[in-house]
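Here are the chains, one letter per residue:
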Amino acid sequence: MQNNNKIYQEILNCKANKKKLLAILLDPDKIVWESLDNLIHKIINSPATHVFIGGSLVTSNRIDELIIRLKQKVDLPIILFPGNPSQISNEADGILFLSLLSGRNPDYLIGHQVKAAPILYKSKLEIVPTGYLLISGGSTTAVEYVSKTNPIDRADAELALATALAGEMMGNKLIYLEAGSGAQQAVPENIIELVSRNLTIPLIVGGGIVDLQGIKKAYDSGADLVVIGTAFEKDIHFFDTNKNLE
Ligand code: 1GP
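**Q** Just to check I follow, could you spell out helix α1 (residues 6–16) for this structure?
**A** Note: α-helices contain 3.6 residues per turn, so residues at a spacing of three or four share the same orientation. Looking only at α1, the buried set comprises Ile-7, Tyr-8, Ile-11 and Cys-14. Within α1, the buried residues cover an arc of 120° as seen down the axis, which keeps them to one side. Projecting away from the buried face of α1 at angles above 90 degrees are the exposed residues Lys-6 and Ala-16. Close packing links the buried residues of α1 with β1 (21–26), β2 (50–53), β3 (78–80), β4 (94–100), β5 (126–134) and β6 (174–178). Phi for Lys-18, located one or two positions after α1, is positive at around 55°.

**Q** Quick question: what am I supposed to make of the nonpolar core here?
**A** As a rule of thumb, nonpolar side chains are buried together in soluble globular proteins. Judged by nonpolar contacts, the single largest core of 84 residues is most densely connected at Phe-52 and Leu-177. The element that contributes the greatest number of residues to this core is β1, accounting for six residues. Here Phe-52 is in contact with Ala-23, Ile-24, Leu-25, Leu-26, Ile-79, Phe-81, Leu-96, Tyr-176, Ile-204, Leu-225 and Val-227, once residues within four sequence places are set aside.

**Q** Please explain the pairing of β6 as it appears in this structure.
**A** On a regular strand, each side chain points to the face opposite its neighbour's, so the side chains alternate between the two faces of the sheet. Most of β6 is tucked away, with five of its five residues classed as buried. Where burial is concerned, the two faces of β6 agree: the one with Leu-174, Tyr-176 and Glu-178 and the one with Ile-175 and Leu-177 are both buried. The pairing of β5 with β6 spans five bridges and is parallel. Pairing of Tyr-132 across the sheet is with Tyr-176, part of β6. By the bridge criterion, four bridges tie β6 to strand β7 (residues 203–206) in an arrangement that is parallel. Among the inter-strand pairings, Glu-178 is bridged to a residue of β7, identified as Gly-206. At this point the chain moves from β6, through helix α7 (residues 189–198), to the parallel β7, and the crossover so formed is right-handed.

**Q** Even after reading the chapter, I still don't get the site of the ligand, so can you show me in this structure?
**A** Surrounding the ligand, one finds 14 residues, the nearest of these being Glu-178, Ser-181, Gly-182, Gly-208 and Thr-230. At 2.9 Å from an oxygen atom of the ligand is found a side-chain nitrogen or oxygen belonging to Tyr-176. Contact distances for the ligand include 2.8 Å between an oxygen atom and a backbone N or O atom of Gly-229. Surface burial for the ligand is 97%, taken as the share of its 310 Å² of free accessible area covered by protein chains. Structurally, the ligand is housed in the largest pocket. Of all the secondary structure elements, the ones that give two or more residues to the shell around the ligand are β6 and β8 (225–228). Residues belonging to the shell around the ligand are distributed by class as follows: five nonpolar, eight polar and one charged.

**Q** Teacher, can you tell me more about the layout of surface pockets here?
**A** By rolling a water-sized probe across the atoms, one finds the places where empty space is left. Quantified by volume, the largest pocket comes out at close to 830 Å³. Taken together, 49 residues line the largest pocket, and the ones lying closest to its centre are Gly-55, Ser-56, Phe-81, Tyr-132 and Val-143. The set of elements that each furnish at least two residues to the lining of the largest pocket consists of β1, β4, α4 (106–121), α5 (142–147), β6, β8 and α9 (230–234). Here the lining of the largest pocket takes six residues from β4, the largest share from any one element. Taken together, the residues of the lining of the largest pocket sort by class into 25 nonpolar, 18 polar and six charged. Residue lining of the second largest pocket: 15 residues in total, with Lys-6, Ile-7, Glu-10, His-50 and Pro-77 positioned closest to the centre. A per-element tally of the lining of the second largest pocket places α1 first, with five residues. Among the residues making up the lining of the second largest pocket, the classes are represented as five nonpolar, four polar and six charged.

About the cut-offs
- Residues numbered from 1 in each chain as written.
- Predicted model: local features only at pLDDT ≥ 70, side-chain atom pairs only at ≥ 80, totals over all residues.
- Heavy atoms only, no water.
- Buried < 20%, exposed > 50% of the residue type's maximum accessible area, 1.4 Å probe, protein only.
- Helix = DSSP H or I, 4+ residues; strand = E, 2+ residues; numbered from the N terminus.
- Arc of directions from axis to C-beta.
- Contact = heavy atoms within 4.5 Å.
- Core = buried A, V, L, I, M, F, W, Y, C linked by side-chain atoms within 4.5 Å.
- Pairing = 2+ DSSP bridges.
- Right-handed = clockwise from strand over helix to strand, strands pointing away.
- Near = heavy atom within 4 Å.
- Polar contact = N/O pair within 3.5 Å; in protein donor to acceptor, adjacent residues only side chain to side chain.
- Areas by Shrake-Rupley, 256 points an atom, 1.4 Å probe, with all protein chains shown as cover.
- 1 Å grid on protein atoms, 1.4 Å probe; cavity = no way out; pocket = protein on both sides within 12 Å on 5 of 7 lines; lining within 4 Å.
- Sits in = over half its atoms within 2 Å of the grid points.
- Nonpolar A, V, L, I, M, F, W, Y, C, P; charged D, E, K, R; others polar.
- Points joined across faces, edges and corners; volume = space filled by probe spheres on them.

Given below as structure tokens:
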């Protein structure tokens, strides 16, 4: 089991120095292998500080290969963001060890974690316990469908806060506010503001953020790390124009 917490310490340092972070989320099922070199080139030339790998439902058996190819050229932490234990790869640097705290499905609160723990115990992955909160984003998302859980109503900022606080008190090192991949509406600013103001641990925000304005809004509301998946997946040139995050 990995004892160093290099990835997490760096996130804490950035938060302390008010340096905002950006993760590109790659779903292994959506990789166009013929143009992977081009994708890697775009990642290298983007403002990304992290690469997340995963998805609610991944069927690809090429996760190791994807990470090995990325690591040959991309000098960023590669972090697993798994929908289930089958997405664990020893090739990555770390893993968000997620608990879906907004839901009441025991499989996603403790079941998958019990299955994953013996595998992770033998790995060198840095394990970052992360409280994961799904916030309704205007349509049923893959996370909602696959996890069979209800999201927190986007109008209920107090419930989002109570859940995030419980996540921090339970010992999670990060809280992730998630509208769901491809959500019609991103996490509302008032929820990001309220949660970030009351948490001491870093806050990740993702789902439905499709432009520079959306990224900046999340940062200004208090997100420490923003995740971009679909927008970059749909348009590999996304960061050519959406570059200046400061
Ligand atoms: C999904 O938060 C991530 O888990 C990213 O969402 O694909 O909508 O960018 P998008």
